[in-house]
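Report on the structure
The lines below spell out each chain.
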Amino acid sequence: MIDLRLVREHPDVVRASQRARGADESLVDKLLAADVARREAVKRADDLRGEQKAASQAVRSATPEERPAVLDRAKALAAQVKEAEEGERAADAALRDVHLQIPNVVADEVPPGGEDDAVTIRTVGDIPAYDFPVRDHLEVGEALGAIDMERGAKVSGARFYFLTGPGALLEFALAQLAIGRAVAAGFTPVIAPALVKPEAMEGTGFLGEHDEEVYRVERDNLYLVGTSEVPLAAMHMDEVLDLSGGPRHYAGWSSCFRREAGSYGKDTRGLIRVHWFDKVEMFSFSRPEDTAAEHLQLLAWEEEFLQALELPYRVVDIAAGDLGTSAVRKFDIEAWFPSQGTYRELTSTSDCGTFQARRLNIRYRDADGKPQTAATLNGTLCAVARTIACLLEVHQQADGSVYVPVALRPWLGGIDRITAGMSLAAPIPPGPPA
RNA sequence: GGAGGCUUCGCCUAGUCCGGUCUAUGGCGCCGCACUGCUAAUGCGGUUUGGGUUAAUCCCCAUCCCGGGUUCAAAUCCCGGAGCCUCCGCCA
């Protein structure tokens, strides 16, 4: 939800934002009208309630002779209040309805245009040259016994997979590396629930535009999250946070479930687009004035992670028309996929300003001690399946083995290469002293 | 799955049986003022959150876990739900 005060005081700013997104500008005027209507309804109901309260007290102090007349008046007022409250409720609902339809106000820096108008900010790392025919990650992974897509389909259907042997170890290695780096950067690690209540899903905005993407557990009225952004954001729902020491950083681990309803025929091969994967997600709660800097910080952490994995990538600034509902600004990092000869999205970080926190009622105390709506930001640190896909492709060798980036080696028992049929190694802690 | 208990303004708590200055009691904490070499102690005053109105204050409305209902009037009575705790059953 956007700030109503902004709409009242600077409707032109919101109109411009709607224009930039290619969204409906007239919603702004509908919202203004609904706001006026609501305030009128509130005032009428408040005034009547005040009168009725007085009348009700009068019943008590009335003499027996006055009593019937006073009681009649109180009854009449009670009926009027009931009616006025119904009007208030209707006006409230009407306002909320329009309010929820308006996406966040885009930042001035956001490039204009739509899906194809993202601006590349920088490209990092050299695109590797291969003196052999490159295979895609599925070929590489199957040959190494790391990915079993066929059995995934047998057991669970299309877009499901088994990670086996070195593939399974890779997942743990990536998780350890990501969480370890996050903790070193001051994040609080969190294992978040992947099933959430409707309030959490609604509050984070995923039942709006992403409704079709969401798995629903009808019987228990719960949803499977598509990202731990949902439980992390909702974790502090209805709370007042202490942000006086700077933003709060969480690194959440959870499985992520996506129906991929609108993507038939897209990325049907391998681990690029699957119904389920695990992910380490960064999430910050910050003061609204700190979000721009915080956003760049999240982006920097994402970049450092990909650099540690020795993956070439580029950073793109997403255009207004392609922003999510709650985002003010969004950067994606696209990594190089040699089999496709192109960069593909590996991480994404959004500044949501106060949009998400307003709905979830997450606040902090400002310098005067007054509660204010907080701001939220999120960013992918490591979407495991897709990252494995990228690693297998970029680091593949002529002999079918895969080079292991230095940073990952401690988590894979020190190996520098994954080869078919190799004996597996994993880090084990030192045993008890002999 | 079954039975019972609990949920009050940051924390603790009175009030709920028997509806009406509950415009919610007291303590802790916090803020201000007074006293005081300083601190402590003491005294006085303030201290939920949201909405409406306003230049701002004043003021008004709502808020006793949430949602309905009864009533002129609900923290209090009735119905439904959530969370927490205890016991039983089942279970990684």
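Structure first, text after, so check above.
A brief report on the enclosed structure follows. (Residues numbered from 1 in each chain as written. Chains lettered and ligands numbered in written order. Predicted model: local features only at pLDDT ≥ 70, side-chain atom pairs only at ≥ 80, totals over all residues. Heavy atoms only, no water.)

Some words on the overall build of chain A
Check the secondary structure of chain A and you find 12 helices and 18 strands. Expressed along its principal axes, the backbone C-alpha trace of chain A runs to roughly 105 × 55 × 45 Å. Put simply, 71% of the contacts in chain A that link residues at least 6 apart link residues at least 24 apart. Carbon and sulfur atoms make up 51% of the accessible area of chain A, which amounts to about 20900 Å² in all. (Helix = DSSP H or I, 4+ residues; strand = E, 2+ residues; numbered from the N terminus. Contact = heavy atoms within 4.5 Å. Areas by Shrake-Rupley, 256 points an atom, 1.4 Å probe, with all protein chains shown as cover.)

Digging into the sheet that holds strand β7 (residues 222–224)
Strand order in the open sheet formed by 3 strands is β5-β7-β6, with antiparallel pairing between adjacent strands. The open sheet is flanked by β5 (195–196) and β6 (215–217), the only strands paired with a single partner. (Pairing = 2+ DSSP bridges.)

Side note on the pattern of salt bridges
This structure, assessed with the given rule, holds 23 salt bridges. For R8, the salt bridge identified is with D35, shortest N-O distance 2.6 Å. In this pair, R8 is assigned in helix α1 (residues 4–9) and D35 in helix α3 (residues 26–61), connecting sequence segments 27 residues apart. Using a relative accessible area of 2% as the deciding quantity, one classes D35 as buried. Here E260 ties to R273 by a salt bridge, and the two come within 3.3 Å at their closest N and O atoms. Of this pair, E260 sits in the loop between β9 (248–257) and β10 (276–286) while R273 is found in the loop between β9 and β10, placing the two residues 13 residues apart along the sequence. Judged by relative accessible area, which is 11%, E260 ranks as buried. Taken together, the shared-partner salt bridges in this structure form one network comprising D46, R49, E85 and E88. (Salt bridge = Lys/Arg side-chain N within 4 Å of Asp/Glu carboxyl O. Buried < 20%, exposed > 50% of the residue type's maximum accessible area, 1.4 Å probe, protein only.)

Regarding the environment of H249
Among the secondary structure elements, H249 is positioned in strand β9. Residues H249 and G353, spaced 104 residues apart in sequence, show a C-alpha to C-alpha distance of 15 Å. Discounting chain neighbours no more than four positions away, the residues touching H249 are G186, F187, T188, F283, S284, E294 and W301. For H249, the side chain forms a polar contact with the side chain of E294, separated by 2.5 Å. (Polar contact = N/O pair within 3.5 Å; in protein donor to acceptor, adjacent residues only side chain to side chain.)

Focus: the layout of surface pockets
For the second largest pocket, the calculated volume is near 510 Å³. V105, T291, V328, D351 and G353 are the residues nearest the centre of the second largest pocket, which is lined by 25 residues in total. Secondary-structure elements contributing two or more residues to the lining of the second largest pocket are α10 (291–308), β12 (329–337) and α11 (355–360). No other element matches the 4 residues that α10 contributes to the lining of the second largest pocket. Here the lining of the second largest pocket is built from residues that sort into 14 nonpolar, 5 polar and 6 charged. (1 Å grid on protein atoms, 1.4 Å probe; cavity = no way out; pocket = protein on both sides within 12 Å on 5 of 7 lines; lining within 4 Å. Points joined across faces, edges and corners; volume = space filled by probe spheres on them. Nonpolar A, V, L, I, M, F, W, Y, C, P; charged D, E, K, R; others polar.)

Side note on the pairing of β10
Of all 11 residues in β10, 10 are buried; the element is thus mostly enclosed. Note that β9 and β10 share 10 bridges and pair antiparallel. Note that in β10 the partner of R248 across the bridge is F285. Bridge analysis of β10 against strand β16 (residues 375–383) gives 8 bridges, and the strand direction is antiparallel. In the sheet register, E281 faces β16, and the bridge partner there is T380.

Some words on the side chain of D267
Its location among the elements puts D267 in the loop between β9 and β10. Excluding anything up to four places from it in sequence, D267 contacts R159, I272, R273 and R344.

Comments concerning the packing of aromatic side chains
Here the structure, examined in full by the defined rule, presents 6 aromatic pairs. With a centroid separation of 4.9 Å and an interplanar angle of 70°, the aromatic rings of F187 and W301 are classed as edge-to-face. With F187 in the loop between α7 (166–184) and β4 (188–191) and W301 in helix α10, this residue pair connects regions lying 114 residues apart in the sequence. For W301, a relative accessible area of 15% gives the class buried. Taken together, the ring pairs in this structure connect Y250, F283 and F285 into an aromatic cluster. (Phe/Tyr/Trp six-rings, centres within 6.5 Å; stacked < 30°, edge-to-face > 60°.)

Structural notes on helix α2 (residues 11–21)
When we look at burial in α2, the residues that qualify are P11, V14, S17, Q18 and R21. Projected onto a plane normal to the axis of α2, the buried residues spread over an arc of 120° and lie on a single side. Turning to α2, the residues buried within the fold contact α1 and α3. The first or second residue beyond α2 is G22, which carries a positive phi of 75°. (Arc of directions from axis to C-beta.)

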